[in-house]
Amino acid sequence: ELKVEQNPLFLSMQEGKNYTIYCNYSTTSDRLYWYRQDPGKSLESLFVLLSNGAVKQEGRLMASLDTKARLSTLHITAAVHDLSATYFCAGKPGGYNKLIFGAGTRLAVHP
Amino acid sequence: SQTIHQWPATLVQPVGSPLSLECTVEGTSNPNLYWYRQAAGRGLQLLFYSVGIGQISSEVPQNLSASRPQDRQFILSSKKLLLSDSGFYLCAWSLLHRLLNTEAFFGQGTRLTVV
């Protein structure tokens, strides 16, 4: 059974700083997803990572996947207040058409 | 383009009352459909998913049930709500069974408070 663990669960960042959110998963996952959730809102898709070594970037966010280590990272560069949100990673167990989510990382960016 | 509709947006129900949440998808056919629940300040728990009409997979034993009477309609129900059923319910769809590079897309959610 696929389990997805994120850390840290809460991250307080200063504007302009860099940081990384980690996502470990327990068994083989066909692919890895990153989502963003603003308070009280639904989830917005950020990245889909399909293969080992995949790297995707959008603005100040960059996601990567290492399938051998069963690890994905979401790197934040020069954080700004607008990035304050909760970030989720999710995996897809092989042979199943479902997504299993991590607990989420609540990111707060302050001046 | 594809859209997903979920209603109602908020709901306050007494303990022991029934529940029916509805989700419909437009602009695609034969999607995978999902119900997730998010407790306050917590992650997403997969409750049910469906790969076709009448096909429901239950992920967590609980007080809820799901049905898919039409290809693009997914309903979450309960006969008698418990306080522990409170949470943010999210419907989602995907084409994971047909497209490799795709993700799940979420509705706007229903915030359910059981009192």
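Scroll up a little and you will see the structure.
Since the model is a prediction, treat every value here as computed from it, not as a measurement.

The rules behind each value
- Residues numbered from 1 in each chain as written.
- Chains lettered and ligands numbered in written order.
- Predicted model: local features only at pLDDT ≥ 70, side-chain atom pairs only at ≥ 80, totals over all residues.
- Heavy atoms only, no water.
- Helix = DSSP H or I, 4+ residues; strand = E, 2+ residues; numbered from the N terminus.
- Rg over C-alpha atoms; globule rule 2.2 N^0.38 Å.
- Buried < 20%, exposed > 50% of the residue type's maximum accessible area, 1.4 Å probe, protein only.
- Contact = heavy atoms within 4.5 Å.
- Areas by Shrake-Rupley, 256 points an atom, 1.4 Å probe, with all protein chains shown as cover.
- Lys, Arg positive; Asp, Glu negative; His and termini not counted.
- Charge placed at Lys NZ, Arg CZ, Asp CG, Glu CD.
- Pairing = 2+ DSSP bridges.
- Salt bridge = Lys/Arg side-chain N within 4 Å of Asp/Glu carboxyl O.
- Buried area = accessible area lost by both parts, 1.4 Å probe.
- Polar contact = N/O pair within 3.5 Å; in protein donor to acceptor, adjacent residues only side chain to side chain.
- Axes fitted to C-alpha atoms, helices over the stretch in contact; angles between N-to-C directions.
- Phe/Tyr/Trp six-rings, centres within 6.5 Å; stacked < 30°, edge-to-face > 60°.
- Lys NZ or Arg CZ within 6 Å of the ring centre and 35° of its normal.

Quick word on the overall build of chain B
Then comes step 1: Along its length, chain B carries zero helices and eleven strands.
Then comes step 2: Each helix and strand of chain B, placed in order from N terminus to C terminus, yields the pattern β-β-β-β-β-β-β-β-β-β-β.
Then comes step 3: The C-alpha atoms of chain B give a radius of gyration of 14 Å, which matches the 13 Å a tight globule of 115 residues would have.
Then comes step 4: With respect to the principal axes defined by its C-alpha atoms, chain B has extents near 40 × 30 × 20 Å.
Then comes step 5: Residues counted as buried form 49% of the 115 residues belonging to chain B.
Then comes step 6: Long-range pairs, those at least 24 residues apart, make up 56% of the contacts in chain B with a sequence separation of at least 6.
Then comes step 7: Looking at chain B as shown, the accessible area adds up to about 5,400 Å², and 53% of this sits on carbon and sulfur atoms.
Then comes step 8: Of note, chain B has its 8 positive side-chain charges centred 7 Å away from the centre of its 6 negative side-chain charges.

Some words on the pairing of strand β8 (residues 71-76) of chain A
Residues and elements named next belong to chain A.
Then comes step 1: Where strand β3 (residues 19-25) lies against β8, six bridges are found, and the strand directions are antiparallel. Across the sheet, residue T20 finds its bridge partner in β8, namely H75.
Then comes step 2: Two strands pair when backbone bridges link them, and strand β7 (residues 61-66) and β8 are joined in this way by six bridges, in the antiparallel orientation. Note that in β8 the partner of L65 across the bridge is S72.
Then comes step 3: Connecting β7 to the antiparallel partner β8 that follows it, the hairpin turn spans four residues, and R70 within it adopts a positive phi of roughly 55°.

Observations regarding the environment of F88(B)
Then comes step 1: Mapped onto the secondary structure, F88(B) falls in strand β9 (residues 87-94).
Then comes step 2: F88(B) sits in the buried class, given a relative accessible area of 5%.
Then comes step 3: Along the sequence, F88(B) and A39(B) sit 49 residues apart, while their C-alpha atoms lie 6.3 Å from each other.
Then comes step 4: Sequence-distant contacts of F88(B), defined by excluding residues within four places in its chain, comprise Q37(A), G40(A), K41(A), Y36(B), R37(B), Q38(B), Q108(B), G109(B), T110(B) and R111(B).

Details of the pattern of salt bridges
Residues and elements named next belong to chain A.
Then comes step 1: This model, assessed by the stated rule, comprises five salt bridges over all chains.
Then comes step 2: R36 is the partner of D38 in a salt bridge, and the nearest nitrogen-oxygen pair spans 2.9 Å.
Then comes step 3: Relative accessible area serves as the criterion here: at 27%, D38 is assigned to the partly exposed category.

Describing the interface of chain B and chain A
By a widespread convention, an interface's size corresponds to the accessible area lost as its parts come together.
Then comes step 1: On the chain A side, the residues contacting the 25 residues of chain B number 21 residues.
Then comes step 2: In total, chain B and chain A occlude about 1,700 Å² of area from one another, counting both sides; carbon and sulfur atoms represent 58% of this.
Then comes step 3: At the boundary of chain B and chain A, one finds one salt bridge.
Then comes step 4: Our count for the chain B to chain A interface comes out at eight residue pairs in polar contact (both at pLDDT 80 or more).
Then comes step 5: When contributions to the side of chain B that touches chain A are tallied by element, the ones reaching two or more residues are β4 (32-38), β5 (44-52) and β9 of chain B.

Observations regarding the sheet that holds strand β6 (residues 55-58) of chain A
Residues and elements named next belong to chain A.
Then comes step 1: Read across the sheet, five strands follow the order β1-β3-β8-β7-β6 without closing on themselves; strand pairing throughout is antiparallel. This sheet does not close on itself; its edge strands, each paired only once, are β1 (4-7) and β6. Neighbour to neighbour, the strand axes of the sheet diverge by 15° on average, direction disregarded.
Then comes step 2: Pairing of β6 with β7, which is carried by four bridges, proceeds in the antiparallel orientation. Its bridge partner lying in β7, E58 is registered against L61.

Some remarks on the packing of aromatic side chains
The description of an aromatic ring pair rests on the distance of the ring centres and on the angle between the ring planes.
Then comes step 1: All chains considered together, the criterion is met by ten aromatic pairs over all chains.
Then comes step 2: Judged by centre distance (5.3 Å) and plane angle (85°), the rings of F101(A) and Y36(B) are edge-to-face. Within this pair, whereas F101(A) is found in strand β10 (residues 100-101), its partner Y36(B) is found in strand β4, the two belonging to separate chains.
Then comes step 3: Feature note: the residues Y35(A), F88(A), F101(A), Y34(B), Y36(B), Y49(B) and F106(B) constitute an aromatic cluster, connected by ring pairs.
Then comes step 4: Against the face of Y96(A) rests K98(A), its NZ or CZ located 5.0 Å from the ring centre.
Then comes step 5: It is R111(B) that lies over the ring of F88(B); its NZ or CZ is 4.3 Å from the centre.

Side note on the environment of G52(B)
Residues and elements named next belong to chain B.
Then comes step 1: As for its position among the elements, G52 is in strand β5.
Then comes step 2: Separated by 19 residues in the primary sequence, G52 and L33 have C-alpha atoms spaced 8.3 Å apart.
Then comes step 3: Those residues in contact with G52 that lie beyond four places of it in its chain are N30 and R68.

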